[in-house]
Structures are given as C-alpha cells and as structure tokens.
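# Secondary and tertiary structure notes
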Amino acid sequence: MGLSNVPYIPPGDLEEVEDEWGMPIFLGGGGNGAVQLMRIKSTQVLCAVKTQYKHLNEETASQSFESIKGLECIPTFFGVTLPPDDGPFPAIVQEFVTNGQSYTATSLYDATDKRLITKDNSLQVAMDICLALRDMHARYWLHCDIKSDNILLQPSSVADDTEDLWDDVDSVASWEPTQDIYPTESNPNFKIKLIDFGLTLNMNDQEQYLQFTDERQAEVMKNSIHVAPEVITGQRPFSKASDVFSIGRVLKDLSVVGDDYLLRLGEQCMKPNPDERPKLDDVIDIINVRIQSVKIP
Ligand SMILES: Nc1ncnc2c1ncn2[C@@H]1O[C@H](COP(=O)(O)OP(=O)(O)O)[C@@H](O)[C@H]1O
Ligand SMILES: [Mg+2]
C-alpha cells in the first residue's frame, strides 16, 4: 500500500468524526468514490479522506506529491491511507477546507448560489481562481476538471484562525464566529483552494487524448459543459488552453452574481477554437485592468 515518497498514514492513526446522530460525515462523493471527514489522532487535525476509484500510479503519485507540496492553492496533502470502505486503492488524506461554521466546505457553486459573491468581490474571486490555476500550471500540472464545485472558498479569517481552532477541535461544530466571517464588499478575503485531482495531468507526461464513441461524446458534451470541445471530440489533448476553457465557464458562472465583464471574458475563454482563446496570463491581466478601473470613481 505504501508509496515511496508519499507519507503513509495507518488507518489506526485516523478516527471518524461523527455528526450529532453518531453517523460518519461525508463531505461529498457518490457512485465513484467518497470523501469522508476524519481526524488525525496524534495532531487532532481534521482531514478529508478521499477514496480513489482508480489506481494511483506509484511514480505519478510520488512525483505529484513532490511537485504540489506546499502549493497554497490546494489543500495540504498529508498522505495516503487504507480506504475506509475496504476498497482496493489507497485513499488520499488531505487538509479539510473548512468554512469555519460547520463540518462542510463552501464551494464556488454554493457561494454563488447563496450570493456570498457579489458584484464587488466577484472580480477578486475570479482573479484568485486564475492565480491558483497559474500556480498549478507553473508546476507543470493541468487540472483538467475546473468547475464551480471543484473550487472551495475558505474565508481568510478562518484560515488565519485555523491554528487556534485545531487546539480545540471538538468545538468546531459549535464554534460561532465573533464577527461576520464572510467578507464585506470592501474586504473580499476568500482563500481559493482547487480540489479534485482525479483527472489532473502532468505536462511532462504523454499527452492525453480522450477516445469516446459518438454516442458517449454527445453525452459528455451535454453533461460536462466545462470540458473543452476539442478534448471531448479527441481532436486535441488536454492542455493549458483546455483549462482556460474551463475557467471561462467559471467566469460565466461568476458573472451571474457579479460583474458582467466576466461574462464577455468567459465567452472569449470558451471559444471553440483553442488557438483563439486568451492565455491564462492574458486573462489575469484583463481582470487586473478591470479591478483597477472599477476602483476609480
Ligand atoms: N479537502 C476538502 N475539504 C473539504 N471538502 C472537501 C475536500 N475535498 C473534497 N471535499 C468535498 O467533497 C466533494 C467531492 O470531492 P471531489 O474531490 O471533488 O470528488 P469527486 O470526484 O467526487 O467530485 C467536493 O465537492 C467537496 O464538497
Ligand atoms: Mg469534484
């Protein structure tokens, strides 16, 4: 079960966290795997344990562990363990991205749904998402599955308080913030964390072309509107440009509650021809210019 380079956490070092009815807490997942909230006994740190449904290639896992270690834009990767469901593949143990209020995380999807994102902070949130992806690209990783439910938002006040919180971890569920932890319009202090590395690819590895039957292609086109068309049709491999396409979808989602400008930028990023899409650095510059211009009264 051990992977060289990747810390192994024995199941005995982890304990389940229970809800008020004594049931284990699942943060997500369904048919293909599950993410369970657990606690590392020795440190009392809460973690999200993700059951894998495909085998972790030893070399890739070790490589990815080394290259993403310390990246701020993703949850800290603690190691691997035996899967809680007795499945055949190692489970991933990572930092639990808390919203500070409950045993759940706030995804970008939830945040837009609950209008935690406003016209005034939407540009900054868009910028932080792009910067997070740029950090991944800088380490030669393509995310390949960027969408609103694979982006978590952690209020910075919670992130900063996290250390204190861990001292008294049993109180997390009942912990009440002393002040409104969601940013006010002038204080858009979310920390963005990208999650779900099920499809992540290393740019140094062989390019990945999808091969679907026509029928499956049509299905994926319809259900995975965040995946670039040239990837679904198998004409081109996953690339930085296909990640930009997915970012485009996110910008359009953000524009619904936020700045209209993001709608047009999102459309540019979602151009069917990957060569016509802006580069991620251009997207960042464009958002930056907009942030500066709306500051001026
Ligand atoms: N590190 C984490 N901290 C908090 N919640 C998480 C974490 N990782 C996953 N989740 C929750 O579990 C859900 C499913 O996890 P994800 O890695 O996206 O798996 P899936 O392949 O099922 O989409 C996420 O949408 C999120 O709500
Ligand atoms: Mg997901």
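Please read all numbers here as calculations on a predicted model, not as lab measurements.

### Digging into the pattern of salt bridges
Taken as a whole and assessed by the stated rule, the structure comprises eight salt bridges. Arg236 is the partner of Asp275 in a salt bridge, and the nearest nitrogen-oxygen pair spans 3.0 Å. In this pair, Asp275 sits in the loop between α8 (261-269) and α9 (280-295) while Arg236 sits in the loop between α6 (229-232) and α7 (240-257), placing the two residues 39 residues apart along the sequence. Judged by its relative accessible area of 56%, Asp275 is exposed. Two residues, Arg249 and Asp253, come together in a salt bridge whose shortest N-O distance is 3.0 Å. Of this pair, Arg249 and Asp253 both sit in helix α7, separated by four residues, roughly a single helical turn.

### Thoughts on the UniProt feature "binding site: ATP" (unreviewed entry) in the chain
According to UniProt, the feature "binding site: ATP" (unreviewed entry) maps to Lys50 in the numbering used here. Tracing the backbone shows Lys50 in strand β4 (residues 45-50). Residues within four places of Lys50 in sequence aside, it is in contact with Ala34, Val35, Ala91, Ile92 and Asp196.

### Regarding the coordination of the magnesium ion (ligand 2)
Within the protein, Asn150 (OD1) and Asp196 (OD) serve as the donor atoms for the magnesium ion (ligand 2), at 2.2 Å. Of the two residues, Asn150 is situated in the loop between β8 (141-142) and β9 (151-155) and Asp196 in the loop between β10 (190-194) and β11 (201-202); the sequence distance between them amounts to 46 residues. Judged by its relative accessible area of 5%, Asn150 falls in the buried class.

### Focus on the sheet that holds β10
Pairing is antiparallel in the open sheet, where three strands are placed in the order β7-β9-β10. Two strands bound the open sheet, and with one partner strand each, they are β7 (106-107) and β10. In this structure, β7 lies alongside β9, joined through two bridges in antiparallel fashion. When the sheet's bridge partners are listed, Thr106 is paired in β9 with Leu153.

### Thoughts on the site of ligand 1
The immediate surroundings of ligand 1 are formed by 18 residues, with Lys50, Gln94, Glu95, Val97 and Asp196 found nearest. Within the side chain of Gln94, an N or O atom sits 2.7 Å from a nitrogen atom of ligand 1. Compared with its free state, where it exposes 550 Å², ligand 1 has 83% of that area covered by protein. Counting residues per element, the ones that place at least two in the shell around ligand 1 are β2 (26-30), β4 and β6 (91-95). In terms of residue count, β2 provides more of the shell around ligand 1 than any other element does, three residues in total. Grouping the constituent residues of the shell around ligand 1 by class yields ten nonpolar, four polar and four charged. Counting the residues that make up the shell around ligand 1, at least three belong to each of domain 1 (11-95) and domain 2 (106-295).

### A few points about the packing of α8 against α9
Following both chains from N to C, one finds α8 and α9 inclined at 170°, their axes separated by 12 Å at the closest point. It follows from the interaxial angle that α8 and α9 lie roughly antiparallel. Residue-level inspection shows Tyr261, Leu265 and Cys269 of α8 in contact with α9, the latter providing Val283, Ile286, Ile287 and Arg290.

### Comments concerning the side chain of Thr81
Here Thr81 is to be found in strand β5 (residues 77-81). Within the structure, the side chain of Thr81 is placed 2.6 Å from the backbone oxygen of Ile9, a separation counted as a polar contact.

### What to know about the pairing of β6
Burial of β6 is extensive: five of the five residues sit out of reach of the surface. With four bridges joining them, β5 and β6 adopt antiparallel strand pairing. From the neighbouring strand, Val80 faces β6, where its bridge partner is Ile92.

### Thoughts on the environment of Asp205
Its location among the elements puts Asp205 in the loop between β11 and α5 (214-223). Taking C-alpha positions, Asp205 is 9.7 Å from Tyr140, a pair spaced 65 residues apart along the chain.

### Re the packing of aromatic side chains
A complete count under the given rule lists zero aromatic pairs for this structure. Across the ring face of Phe212, the terminal group of Arg216 is positioned such that the distance to the ring centre comes to 5.5 Å.

### A word on unusual backbone geometry
With a phi close to 55°, Arg115 is a non-glycine residue in the positive phi region. Structurally, Arg115 can be placed in the loop between α2 (108-113) and α3 (119-138). For Asp196, which is not glycine, the phi dihedral falls at a positive 70°.

Conventions used here
Residues numbered from 1 in each chain as written. Chains lettered and ligands numbered in written order. Predicted model: local features only at pLDDT ≥ 70, side-chain atom pairs only at ≥ 80, totals over all residues. Heavy atoms only, no water. Salt bridge = Lys/Arg side-chain N within 4 Å of Asp/Glu carboxyl O. Helix = DSSP H or I, 4+ residues; strand = E, 2+ residues; numbered from the N terminus. Buried < 20%, exposed > 50% of the residue type's maximum accessible area, 1.4 Å probe, protein only. UniProt positions renumbered as here; feature names shortened; annotations may be inferred. Contact = heavy atoms within 4.5 Å. Donors = N, O, S within 2.8 Å, 3.2 Å for Na, K, Ca; no water. Pairing = 2+ DSSP bridges. Near = heavy atom within 4 Å. Polar contact = N/O pair within 3.5 Å; in protein donor to acceptor, adjacent residues only side chain to side chain. Areas by Shrake-Rupley, 256 points an atom, 1.4 Å probe, with all protein chains shown as cover. Nonpolar A, V, L, I, M, F, W, Y, C, P; charged D, E, K, R; others polar. Domains from an automatic or database assignment. Axes fitted to C-alpha atoms, helices over the stretch in contact; angles between N-to-C directions. Parallel < 35°, antiparallel > 145°, perpendicular 65-115°, else oblique. Phe/Tyr/Trp six-rings, centres within 6.5 Å; stacked < 30°, edge-to-face > 60°. Lys NZ or Arg CZ within 6 Å of the ring centre and 35° of its normal.

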